[in-house]
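Here's the letter readout for the chains.
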Amino acid sequence: LNHFLDDIYNEQRILKDGVIPRAVVESASGFLKPCLGLKPPKGLWCHITGTDLVRDRDGNWYVLEDNLRCPSGISYVLENRRVMKSLFPSFFNTLNIQPVDDYPSQLLNLLMNLAPPQIADPCVVVLTPGIYNSAYFEHSYLAQQMGCELVQGRDLVVVDGYLHMRTTKGLHQVDVIYRRIDDEFLDPKTFRSDSVLGVPGLMDIYRQGRVAIANAPGTGVADDKMVYAYVPDMIRYYLGEDQIIPNVPTYFCEDAQDQSHVLSHLDELVVKATDASGGYGMLIGPQATEPERLQFVDRIKTNPRGYIAQPTLC
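Thresholds applied
- Residues numbered from 1 in each chain as written.
- Predicted model: local features only at pLDDT ≥ 70, side-chain atom pairs only at ≥ 80, totals over all residues.
- Heavy atoms only, no water.
- Buried < 20%, exposed > 50% of the residue type's maximum accessible area, 1.4 Å probe, protein only.
- Helix = DSSP H or I, 4+ residues; strand = E, 2+ residues; numbered from the N terminus.
- Arc of directions from axis to C-beta.
- Pairing = 2+ DSSP bridges.
- Core = buried A, V, L, I, M, F, W, Y, C linked by side-chain atoms within 4.5 Å.
- Contact = heavy atoms within 4.5 Å.
- Axes fitted to C-alpha atoms, helices over the stretch in contact; angles between N-to-C directions.
- Parallel < 35°, antiparallel > 145°, perpendicular 65-115°, else oblique.
- Nonpolar A, V, L, I, M, F, W, Y, C, P; charged D, E, K, R; others polar.

(A) Quick look at helix 11 (residues 256-264). Among all positions in helix 11, only D258, Q259 and V262 are buried. Here the buried residues of helix 11 occupy an arc of 100° about the axis, which is enough to place them on one side. Exposed residues lying more than 90 degrees from the buried face of helix 11 are A256 and Q257.

Take a look at the structure:
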């Protein structure tokens, strides 16, 4: 996925060689033209990935989807583990359960290593859209666990070509942002001019290598459910290897034959919006009512590029 992101925003070899249709990438809502030519620090686009793994009734593992834009949910793992250890300590004394407690320290080390090498003590912040975001608990929890400042766009400002944080003692330079807001809200000068969540001028200094951002802007294109179906081809193209854990079989609603199959088997399939995450824009066919299925028939016919379908594996 990192090879893919670096390629499509620079040389686009995988598109020129016809491994992935250009239209698939360029029609993805997460493909951001302002990110063309970007060179993130140390060549890393995706620093934190949320890869969803599922197992079928026979015990076979599959990759359900990839989440690279703002992967969410690790704080609940950490809190659940803390509660489990206090309630059922015997499980952890007798079973070989691997620890997860060091996740915040590993994340902090990753973020600090993205800073320019000449900075001895990098300043890392967690950028949140605010208290009304559904994952705000995680933003505040990880900031607290890492010992980093939790900031919003209004707390940051670009001055003299560098990013600074407003504090009660004046401006303090920021070297690394762990961002938990979507790409298009990061910088109103580059993306959405109506955004009040981001920082004006942030992308300019990011291009100059004066601040690091994890995950890099533009990674959302790899979240697209249609792009996901081409990951086995990416692996062969960039690594010369075969995929070890297979993808879940995926039907493209944009393809006439696939769409016909999906529409006639809606009661057996899971339909997903290609640009959604967190369970939004989704139909679980076997559990849906007939009116809900009919609603998705209209959605698919109106916007076939916007939907894929997969079989249930349970």
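Now, onward.
(B) The arrangement of the pairing of strand 11 (residues 269-273) in detail. Summarising burial for strand 11: 5 of the 5 residues are buried, a large majority. Neither face of strand 11 is open: one carries L269, V271 and A273, the other V270 and K272, and all of them are buried. As paired elements, strand 11 and strand 13 (residues 307-311) share 5 bridges and run antiparallel to each other. Paired with K272 across the strands is I308, a residue of strand 13.

(C) Expanded view of the nonpolar core. Ranked by internal contacts, the top residues of the largest apolar core, which has 47 residues, are F4 and I177. When contributions to this core are tallied by element, the ones reaching two or more residues are helix 1 (2-8), helix 2 (13-16), helix 3 (22-26), strand 3 (124-127), strand 6 (162-167), helix 8 (202-207), helix 9 (225-228) and helix 10 (231-239). Of the residues forming this core, the biggest block, 4 residues, is contributed by helix 8. Sequence-distant contacts of F4, defined by excluding residues within four places in its chain, comprise I14, I20, V25, V221, V227, M234 and Y238. Judged by nonpolar contacts, the second largest core, of 18 residues, contains L108, L111, V176 and Y178.

(D) Fine view of the pairing of strand 8 (residues 176-179). What you see with strand 8 is no split at all: V176 and Y178 on one side and I177 and R179 on the other are buried throughout. Pairing of strand 3 with strand 8, which is carried by 4 bridges, proceeds in the parallel orientation. Bridging across to strand 8, L127 finds its partner in R179. Sheet topology places strand 8 next to strand 9 (residues 212-214); 3 bridges connect them, and they run parallel. Residue pairing in the sheet places V176 in a bridge with A212 of strand 9.

(E) How the structure looks around the sheet that holds strand 8. Strands sit in the order 4-3-8-9 across an open sheet of 4 strands; the sheet is parallel. The open sheet has two edge strands with one neighbour each: strand 4 (149-151) and strand 9. Adjacent strand axes in the sheet meet at a mean angle of 30°, parallel and antiparallel pairs treated alike. Taken strand by strand, helix 7 (residues 136-146) contacts strand 3, strand 4 and strand 8, and its axis lies near 150° from that of strand 4.

(F) Summary view of unusual backbone geometry. Of note, the bond from A214 into N215 is cis; its omega dihedral lies within 30 degrees of zero at -10°. The topology assignment puts N215 in the loop between strand 9 and helix 9. Here the phi dihedral of Q12 falls at roughly 60°; this positive angle occurs in a residue that is not glycine. Relative to the helices and strands, Q12 resides in the loop between helix 1 and helix 2. In this structure Q12 comes out as buried when scored by relative accessible area, which is 12%. Positive phi values are uncommon outside glycine, yet K42 reaches one of about 60°. Following the sequence through the fold, K42 ends up in the loop between helix 3 and strand 1 (50-55).

(G) Representation of the sheet that holds strand 7 (residues 170-173) within the structure. Taken in spatial order, the 3 strands of this open sheet run 5-6-7, and their pairing is antiparallel. Two strands lie at the open edges of the sheet, namely strand 5 (156-159) and strand 7, each paired on one side alone. Averaged over neighbouring strand pairs, the angle between their axes works out to 45° when direction is ignored. Across 4 bridges, strand 6 lies against strand 7 in antiparallel orientation. Across the sheet, M165 pairs through a bridge with H172, a residue of strand 7.

(H) Main features of the packing of helix 11 against helix 12 (residues 290-302). In the contact formed by helix 11 and helix 12, the axes pass within 11 Å of each other and the chain directions differ by 170°. Taken together, the axis directions place helix 11 and helix 12 in an arrangement best described as roughly antiparallel. Each of Q259, V262 and L263 in helix 11 lies in contact with helix 12, whose residues at this interface are V297, I300 and K301. The class makeup of the residues in the contact of helix 11 with helix 12 is 4 nonpolar, 1 polar and 1 charged.

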